[in-house]
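Examining the three-dimensional arrangement
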Amino acid sequence: MASVTYKNVEKRFGDVTVIHDMNVEIADKEFVVFVGPSGCGKSTLLRLLAGLEEITDGQILIGDRVVNDVPPKDRDIAMVFQSYALYPHMSVYDNMAFGLRLRKTPKAEIDNRVKEAADILGLAHLLDRKPKQLSGGQRQRVAVGRAIVREPAVFLMDEPLSNLDAKLRVTARAEISKLHKRLGTTFIYVTHDQVEAMTMGDRILVVKDGILQQIDSPRTLYMEPRNVFVAGFIGSPSMNFFDVTLVQEEGNLWMDTGDFRLPVPENLKRMCADYVGKEAILGIRPEHIHAPEYAPPNINAAEIKATVEVVELLGHELHLFLTTGANNFVATVDTRMAPAIGDTVKLVADMDRMHLFDKNTELAIR
């Protein structure tokens with residue numbers, strides 16, 4: 001078992017810097033998810049840790065050992081790739097045993113480890129099959145099993161569920177989370193899917209353009225995003241953003257979008273005092289905008305009128321795509337509301353759940 005540390009890590013390809021001064025500490029036995037849009041550098045961070053790419057500057061430590069110059073095979077890590085990378089001519093048993101045979105592990109020990117991993121992953125009845133005889137979910141489990149038998153200090157997973165269908169992904173997410181608890185090993189998991197990140201990670205590391213944006217628990221990222229990017233990336237559907245001007249009239253402080261005004265809650269007025277007369281960015285999540293008759297009791301409600309452009313029924317909830325003047329936004333409402341396209345509807349926003357960001361820096365105003 002081991003911790004993982006990135007110290008001032010940079011990675012450049014020629015004149016292009018893809019990882020900028022990364023400083024991260026991952027505790028022993030922690031499950032950390034690297035998340036961000038395609039091309040943000042999250043997979044590169046994993047490959048640097050695995051030794052598949054060379055670091056340009058800085059240090060990576062596994063436990064107390066600096067591994068910059070340590071070959072991948074000696075880093076005590078195991079990696080599960082998006083493609084699974086199974087040998088098509090080998091059985092499930094031989095795929096799982098292959099790495100141990102290369103290490104000249106005794107045959108009896110190989111047999112014990114493979115069968116134990118197969119029992120954990122529900123593969124015991126498939127050990128004689130070839131990969132082409134397996135479903136996508138079964139292949140994914142074989143790839144995980146091949147990593148488990150090595151008993152590494154750190155598991156690295158690079159979008160291992162992206163080839164599975166939506167229903168199977170949900171099941172596989174739960175299996176990997178249970179596996180982490182059972183093995184008690186450090187897991188680092190890369191995904192572009194923020195739902196995977198929110199449901200699996202002890203902490204989530206959000207990356208944009210090779211720069212660390214925030215690393216926190218899923219709850220903290222959702223409730224207290226550090227900037228506009230994190231706020232918009234975490235949550236589904238994404239947070240709504242409105243350009244506002246802070247206006248003070250007769251002792252009241254308002255956020256004016258140009259199309260409608262919303263009052264600044266009492267607990268935020270002191271923080272907003274320096275922004276009177278200035279522009280800011282208002283963020284409200286779709287799930288914090290309600291139909292008045294179905295809104296939670298005792299919320300700090302502010303009214304918004306808007307026209308319905310698109311209605312999406314998801315069974316358990318309704319997504320309304322709305323417009324009011326120049327502003328477009330999404331609301332997640334009770335399915336009993338049932339408006340038609342073109343209707344003008346009255347909604348209420350929970351102002352105690354709103355977020356406000358500096359217009360220039362895009363950092364949260366707190």
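Residues numbered from 1 in each chain as written. Predicted model: local features only at pLDDT ≥ 70, side-chain atom pairs only at ≥ 80, totals over all residues. Heavy atoms only, no water.

This part covers the overall build of the chain. Helix and strand counts for the chain come out as 9 helices and 20 strands. Seen through its principal axes, the chain has C-alpha atoms that stretch 80 × 45 × 35 Å. Buried positions account for 49% of the 366 residues belonging to the chain. Of the contacts formed within the chain by residues at least 6 apart in sequence, a portion of 65% connects residues at least 24 apart. Looking at the chain as shown, the accessible area adds up to about 17400 Å², and 47% of this sits on carbon and sulfur atoms. Of the side-chain charges in the chain, 43 are positive and 50 negative, and the distance between the mean point of each set is 8 Å. (Helix = DSSP H or I, 4+ residues; strand = E, 2+ residues; numbered from the N terminus. Buried < 20%, exposed > 50% of the residue type's maximum accessible area, 1.4 Å probe, protein only. Contact = heavy atoms within 4.5 Å. Areas by Shrake-Rupley, 256 points an atom, 1.4 Å probe, with all protein chains shown as cover. Lys, Arg positive; Asp, Glu negative; His and termini not counted. Charge placed at Lys NZ, Arg CZ, Asp CG, Glu CD.)

This next bit is on the pairing of strand E17 (residues 318–324). A large share of E17 lies buried, amounting to 6 of its 7 residues. Strand direction decides the pairing type here: strand E16 (residues 301–313) and E17, joined by 6 bridges, are antiparallel. The residue of E17 that forms the bridge with Thr307 is Thr323. From the end of E16 to the start of E17, which pair antiparallel, there are 4 residues, and Gly315 there has a positive phi angle of about 90 degrees. Judged from the 7 bridges that link them, E17 and strand E18 (residues 327–333) form a sheet pairing that is antiparallel. Of the residues in E18, the one forming a bridge with Leu322 is Phe329. (Pairing = 2+ DSSP bridges.)

Here we come to unusual backbone geometry. The linkage connecting Ser236 with the following residue, Pro237, adopts the cis geometry, with an omega of -5 degrees. Locating Pro237 in the fold gives a position in the loop between helix H8 (228–233) and strand E11 (240–249). Positioned with a positive phi, Asp209 is a non-glycine residue whose angle comes to about 50 degrees.

The next thing to look at is the packing of helix H4 (residues 136–148) against helix H5 (residues 166–183). Across the interface, H4 lies against H5 with an axial gap of 11 Å and an inter-helix angle of 15 degrees. Compared by their axis directions, H4 and H5 come out roughly parallel. For H4 against H5, the interelement crossing comes out right-handed. Where H4 abuts H5, its residues Gly137, Gln140, Arg141, Val144 and Ile148 lie against Leu168, Ala172, Glu175, Ile176, Leu179 and Leu183. Looking at the contact of H4 with H5 residue by residue, the classes come out as 7 nonpolar, 2 polar and 2 charged. (Axes fitted to C-alpha atoms, helices over the stretch in contact; angles between N-to-C directions. Parallel < 35°, antiparallel > 145°, perpendicular 65-115°, else oblique. Left-handed = near helix turned anticlockwise from the far one by under 90°. Nonpolar A, V, L, I, M, F, W, Y, C, P; charged D, E, K, R; others polar.)

Moving on: the layout of surface pockets. Rolled over the atoms, a probe as big as a water molecule pinpoints where empty space is left. Roughly 500 Å³ of internal volume is contained in the largest pocket. Looking at the largest pocket, it is lined by 18 residues, and the ones nearest its centre are Ile77, Ala78, Met79, Gly99 and Arg150. Elements supplying a minimum of two residues to the lining of the largest pocket: strand E6 (77–80), helix H2 (92–102) and H4. Of the residues contributing to the lining of the largest pocket, the split by class is 13 nonpolar, 1 polar and 4 charged. Here the second largest pocket defines a volume of roughly 300 Å³. Lining the second largest pocket are 19 residues; nearest its centre among them are Met223, Leu268, Asp352, Met354 and His355. For the lining of the second largest pocket, the secondary-structure elements that each account for two or more residues are helix H7 (218–223), helix H9 (266–272) and strand E20 (355–358). (1 Å grid on protein atoms, 1.4 Å probe; cavity = no way out; pocket = protein on both sides within 12 Å on 5 of 7 lines; lining within 4 Å. Points joined across faces, edges and corners; volume = space filled by probe spheres on them.)

With 45 residues, the main nonpolar core has Met96, Val114, Ile176 and Tyr189 as its most contacted residues. Among residues more than four places away in sequence, those in contact with Val114 are Tyr93, Met96, Ala97, Leu127 and Val149. In terms of nonpolar packing, the next biggest core, distinct from the first, is built from 34 residues, Leu268, Tyr275, Leu347 and Leu356 among them. (Core = buried A, V, L, I, M, F, W, Y, C linked by side-chain atoms within 4.5 Å.)

Following the criterion strictly, the structure yields 9 aromatic pairs and no others. Relative to Phe357, the ring of Phe241 lies with its centre 6.1 Å away and its plane at 65 degrees, an arrangement referred to as edge-to-face. With Phe241 in strand E11 and Phe357 in strand E20, this pair connects stretches of sequence that are 116 residues apart. In this arrangement the basic side chain of Lys11 is found over the ring face of Phe13, its NZ or CZ atom lying 4.7 Å from the centre. Note that Arg285 overlies the ring of Tyr222, its terminal NZ or CZ placed 4.3 Å from the centroid. (Phe/Tyr/Trp six-rings, centres within 6.5 Å; stacked < 30°, edge-to-face > 60°. Lys NZ or Arg CZ within 6 Å of the ring centre and 35° of its normal.)

As for its position among the elements, Thr191 is in strand E8 (residues 186–191). A distance of 3.1 Å separates the side chain of Thr191 from the side chain of Glu196, its partner in a polar contact. (Polar contact = N/O pair within 3.5 Å; in protein donor to acceptor, adjacent residues only side chain to side chain.)

Turning our attention to the sheet that holds E18. Backbone-to-backbone hydrogen bonds join strands into a sheet, with any given pair of strands oriented parallel or antiparallel. Read from one edge of the open sheet, 5 strands run E15-E19-E16-E17-E18, paired in antiparallel fashion. Only two strands of the sheet have a single neighbouring strand rather than two, namely strand E15 (289–290) and E18.

One open sheet accounts for 5 strands, arranged E13-E12-E11-E14-E20; its pairing is antiparallel. The sheet terminates laterally at strand E13 (261–263) and E20, the two strands that pair on one side only. Going across the sheet, the axis of each strand differs from the next one's by a mean of 40 degrees, ignoring polarity. With 5 bridges connecting them, E11 and strand E12 (residues 252–256) associate as antiparallel partners.

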